[in-house]
Amino acid sequence: MTTRLVDSGWLHEIDHAVGEDSNELRIISPFIKAGALARLLTHSPKTVLSITRFNLYDFAEGVSDISALRLLLVHGAKVRG
């Protein structure tokens, strides 16, 4: 595994990374949005694991989406907060 800074073209980078190995998707982020999640799920990962935070203020301010949590659950994801 390598680490590098990506300051442009990051959508391509994410699509490429997820497309290389779509068996498992791990999402570790304090904020989660439905649009970004839907894009990641288009690669049909077999297993989805997510660690996020459940802060009502984040949902009220729109920095996280409850619909994203529902989408995770519909896809059989394990969700932890």
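What this report covers is the structure whose coordinates are included nearby. (Residues numbered from 1 in each chain as written. Predicted model: local features only at pLDDT ≥ 70, side-chain atom pairs only at ≥ 80, totals over all residues. Heavy atoms only, no water.)

1. Concerning unusual backbone geometry
What you tend to see is this: most non-glycine residues have negative phi, and most peptide bonds are trans. For clarity, the threshold we go by: A run of DSSP states H or I qualifies as a helix once it reaches four residues; a run of E qualifies as a strand once it reaches two. Both are numbered from the N-terminal end. In this scheme, a residue with accessible area under 20% of its type's maximum is buried, one over 50% is exposed, and one in between is partly exposed, where area comes from a 1.4 Å probe on protein chains only.
Backbone geometry places Ser-44, a non-glycine residue, at a positive phi of 50°. Checked against the element boundaries, Ser-44 lands in the loop between helix 2 (34-41) and strand 2 (47-51). Here Ser-44 falls in the exposed class, since its relative accessible area comes to 54%.

2. Section: the pairing of strand 1 (residues 24-28)
Worth spelling out the cut-off: Only strands joined by at least two bridges in the DSSP assignment are considered to pair. Seen with the strands pointing away from the viewer, any crossover whose path from the first strand over the helix to the second strand runs clockwise is right-handed.
Across the two faces of strand 1 the burial differs, with Leu-25 and Ile-27 buried and Glu-24, Arg-26 and Ile-28 not buried at all. The pairing of strand 1 with strand 2 spans five bridges and is parallel. What sits directly across from Leu-25, in strand 2, is Val-48. As for the winding sense of the linkage, the β-α-β connection from strand 1 through helix 2 to strand 2 is right-handed.

3. Some points on helix 2
Inclusion rule: An arc is given here, and it is the one of the directions from the helix axis to the C-beta atoms. We call two residues contacting when some pair of their heavy atoms lies within 4.5 Å.
Buried within helix 2 are the following residues: Ala-34, Leu-37, Leu-40 and Leu-41. For helix 2, the buried positions fall inside an angular range of 125° around the axis, keeping them on one side. If you follow the buried residues of helix 2, they end up packed against helix 1 (10-20), strand 1, strand 2 and helix 4 (66-74).

4. Concerning a nonpolar patch on the surface
Defined as follows: Patch membership is restricted to residues that have no salt bridge and whose relative accessible area is over 30%. Joining uses 9 Å for like charges and 5 Å for the nonpolar side chains Val, Leu, Ile, Met, Phe, Trp and Tyr. Per-residue and other accessible areas follow the Shrake-Rupley method at a 1.4 Å probe size, with only the shown protein chains counted as cover for residues. Each reported salt bridge corresponds to a side-chain nitrogen of Lys or Arg within 4 Å of a carboxyl oxygen of Asp or Glu.
Together, Val-6, Trp-10, Leu-11 and Ile-14 make up an exposed nonpolar region whose accessible area comes to about 330 Å². Tracing the sequence through the fold places Leu-11 in helix 1.

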